[in-house]
Amino acid sequence: MSVERHIAGMLQQIARQQDVAEIAPQGTPRKAAALAYVAEQYGYTYGMAYRTGFKNSLVQVRMYRDPQPDARVREAATIAAHPQAGNGGTVPGLEQGSLRPLPEAVAAVAVLKDLITFDVMALYVADRSRKATCYLASAVLTALMLIDKSPVEALASGGAVAVLCTVAFKVGAVRRAKIARRLTEAGFLAVRDGQGGQRFLRPGQQLPGHANPFAT
């Protein structure tokens, strides 16, 4: 799908003033962050991100309509400044016809990219069932190789898979910890969701799960 179609599809959701807007660009968290930035200029705020689709190839981002007055002011100003957005015109914060942020939006897009990456990495770092599946696969491989290989070869192959799994999970945990530090330095607050997973929220924001993430 082209950049223009991604933007147009998102802006159609926003034009209907939906409480929740879904963004699912093909590709990386960087592209999703650029679209999330645009949605924020139209009065939405970041809610959550996760992987979906075939082999988890899509990054799905959920944006919530921000009920605060300054969000409505921001939305009105954006509409006035970019009347042809979604129809080939300029889009707030992005180079025309691309998802590359303009200089004034680079920092904000980088923060959104960190939020998105932190959330989608939970699938690989915090999911115990995925870890169990990986280690079970190494055990199954060992058992299968014992059929026509020596015990030494079978154990070596199974052990190699287990080591790769351990390294991958460790690298992911270290990278996620670095992102968590950057988000904390940017003023975000660490909280636990209903499943015990770590999330980061702006001050005054609540966990998503309903239309108004700022409601008390």
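Here the structure is a predicted model, which is why all the values come from computation and not from measurement.

A. Representation of the pattern of salt bridges in the model. The final tally for this structure, using the stated rule, is seven salt bridges. In this structure, Glu-95 engages Arg-100 in a salt bridge whose closest nitrogen and oxygen atoms are separated by 3.1 Å. Look at Arg-100 and you get partly exposed, because its relative accessible area is 48%. Among the ionic pairs, Arg-199 bridges to Asp-119, the shortest N-O distance being 3.1 Å. Linking Arg-199 in strand S5 (residues 198-201) with Asp-119 in helix H4 (residues 106-125), this pair joins segments that are 80 residues apart in sequence. Asp-119 carries the same exposure label as Arg-199, and that label is buried. The structure contains a network of salt bridges with shared partners spanning Arg-65, Arg-72 and Glu-75.

B. Highlighting a positive patch on the surface. A contiguous patch of positive charge on the surface is contributed by Arg-30, Lys-31, Lys-113 and Arg-175. As for its placement among the helices and strands, Lys-113 is situated in helix H4.

C. Expanded view of helix H2 (residues 29-41). In this model H2 runs 18 Å from its N-terminal to its C-terminal C-alpha over 13 residues, within 8% of the 18 Å that 1.5 Å per residue would give. With eleven of 13 residues buried, H2 lies mostly within the body of the structure. Just past H2, the residue Gly-43 takes up positive phi, approximately 90°.

D. Looking closely at the side chain of Gln-13. Secondary-structure assignment places Gln-13 in helix H1 (residues 3-15). Residue classification places Gln-13 among the buried residues on the basis of a relative accessible area of 15%. There is a polar contact of 2.9 Å between the side chain of Gln-13 and the backbone oxygen of Glu-22.

E. Seen up close, the packing of H1 against H2. Their axes nearest at 11 Å, the elements H1 and H2 cross at an angle of 35°. Relative to H2, H1 is oriented so that their crossing is right-handed. The segment H1 lies against H2, with His-6, Ile-7, Met-10, Leu-11 and Ile-14 engaging Leu-35, Val-38 and Ala-39. For the contact of H1 with H2, the class distribution of residues is seven nonpolar, one polar and no charged.

F. Focus on the pairing of strand S4 (residues 189-192). Pairing of S4 with S5 involves four bridges; the strand directions are antiparallel. The partner of Val-191 across the bridge, within S5, is Arg-199. As consecutive antiparallel partners, S4 and S5 are separated by five residues, and within that stretch Gly-196 has a phi angle of approximately 90°, a positive value.

G. Representation of the environment of Gly-86. With respect to the helices and strands, Gly-86 occurs in the loop between helix H3 (69-81) and H4. Separated by 77 residues in the primary sequence, Gly-86 and Gly-9 have C-alpha atoms spaced 7.9 Å apart.

H. The sheet that holds strand S2 (residues 44-52), seen in detail. Strand order in the open sheet formed by three strands is S1-S3-S2, with antiparallel pairing between adjacent strands. Two strands lie at the open edges of the sheet, namely strand S1 (20-23) and S2, each paired on one side alone. Each strand of the sheet is rotated relative to its neighbour by a mean of 20°, with strand direction disregarded. Relative to strand S3 (residues 58-65), S1 runs antiparallel, the two being bridged by four bridges. Across the sheet, the residue bridging to Ile-23 is Val-61, located in S3. Across the sheet, H2 touches S1, S2 and S3, and the angle it forms with S3 is around 15°.

Cut-offs used in this document
- Residues numbered from 1 in each chain as written.
- Predicted model: local features only at pLDDT ≥ 70, side-chain atom pairs only at ≥ 80, totals over all residues.
- Heavy atoms only, no water.
- Salt bridge = Lys/Arg side-chain N within 4 Å of Asp/Glu carboxyl O.
- Buried < 20%, exposed > 50% of the residue type's maximum accessible area, 1.4 Å probe, protein only.
- Helix = DSSP H or I, 4+ residues; strand = E, 2+ residues; numbered from the N terminus.
- Patch = residues over 30% accessible without salt bridge, like charges linked within 9 Å, V, L, I, M, F, W, Y side chains within 5 Å.
- Areas by Shrake-Rupley, 256 points an atom, 1.4 Å probe, with all protein chains shown as cover.
- Lys, Arg positive; Asp, Glu negative; His and termini not counted.
- Charge placed at Lys NZ, Arg CZ, Asp CG, Glu CD.
- Expected span 1.5 Å × (residues − 1).
- Polar contact = N/O pair within 3.5 Å; in protein donor to acceptor, adjacent residues only side chain to side chain.
- Axes fitted to C-alpha atoms, helices over the stretch in contact; angles between N-to-C directions.
- Left-handed = near helix turned anticlockwise from the far one by under 90°.
- Contact = heavy atoms within 4.5 Å.
- Nonpolar A, V, L, I, M, F, W, Y, C, P; charged D, E, K, R; others polar.
- Pairing = 2+ DSSP bridges.

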